[in-house]
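The lines below spell out each chain.
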Amino acid sequence: MTSLILTLESSIFLLKSNLGITPSTISQISTTYIDYSKPVAKGFASQSADTRVGVILILSSFGICIVVLSVAQWYSKNLTERIFKERVEIIEKEAAEIEESKKEIKKE
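Thresholds applied
- Residues numbered from 1 in each chain as written.
- Predicted model: local features only at pLDDT ≥ 70, side-chain atom pairs only at ≥ 80, totals over all residues.
- Heavy atoms only, no water.
- Helix = DSSP H or I, 4+ residues; strand = E, 2+ residues; numbered from the N terminus.
- Buried < 20%, exposed > 50% of the residue type's maximum accessible area, 1.4 Å probe, protein only.
- Contact = heavy atoms within 4.5 Å.
- Areas by Shrake-Rupley, 256 points an atom, 1.4 Å probe, with all protein chains shown as cover.
- Patch = residues over 30% accessible without salt bridge, like charges linked within 9 Å, V, L, I, M, F, W, Y side chains within 5 Å.
- Salt bridge = Lys/Arg side-chain N within 4 Å of Asp/Glu carboxyl O.
- Lys, Arg positive; Asp, Glu negative; His and termini not counted.
- Charge placed at Lys NZ, Arg CZ, Asp CG, Glu CD.

Q: Quick rundown of the overall build of the protein chain? Include the residues and the values.
A: In terms of regular secondary structure, the protein chain is built from 3 helices and 0 strands. Expressed as a percentage of its 108 residues, the buried residues of the protein chain come to 11%. Put simply, 82% of the contacts in the protein chain that link residues at least 6 apart link residues at least 24 apart. Taken as a whole, the protein chain presents about 9,200 Å² of accessible surface, with 66% of it coming from carbon and sulfur.

Right, dumping it as structure tokens:
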């Protein structure tokens, strides 16, 4: 669940950064300036920050998914082995009881 939330948040940040260039920013980019344009620089800085946050969130959600899947696989494997051993023990006990009952029947 956590990785799903992180993935959704990261997609919001990435969409915000990729679609963050507004028509006014595009027009400011195409305008010539002598030194630099402060609004455009601000826009690019926020776009870069949003992209970084989005990528970090996507990588962390991927890491959480890998950890959760690894733990789930390990747990299910151990659970399956434990259930198999318990069933084998039950079958062996039943087989021993059947053998004892056969011996008692032969004695009578």
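Q: Any chance you could break down the side chain of Ser-61 for me, citing the residues and the numbers?
A: With respect to the secondary-structure elements, Ser-61 resides in helix α3 (residues 38-107). In this view, Ser-61 contacts Ser-3, Leu-6 and Thr-7; residues no more than four positions away in its chain are not counted.

Q: Break down a negative patch on the surface for me, with residues and values.
A: The grouping of Glu-94, Glu-97, Glu-100 and Glu-104 at the surface amounts to a negative patch. Positionally, Glu-100 belongs in helix α3.

Q: Quick one: what's the story with a nonpolar patch on the surface, residue by residue and with numbers?
A: Together, Val-55, Ile-58 and Leu-59 make up a nonpolar patch on the protein surface, roughly 250 Å² of accessible area in all. Structurally, Leu-59 can be placed in helix α3.

Q: Describe a positive patch on the surface, with residues and values.
A: Judged by side-chain charge, Lys-102, Lys-103, Lys-106 and Lys-107 come together as a positively charged surface patch. Inspection of the secondary structure assignment puts Lys-102 in helix α3. Residue classification places Lys-102 among the partly exposed residues on the basis of a relative accessible area of 45%.

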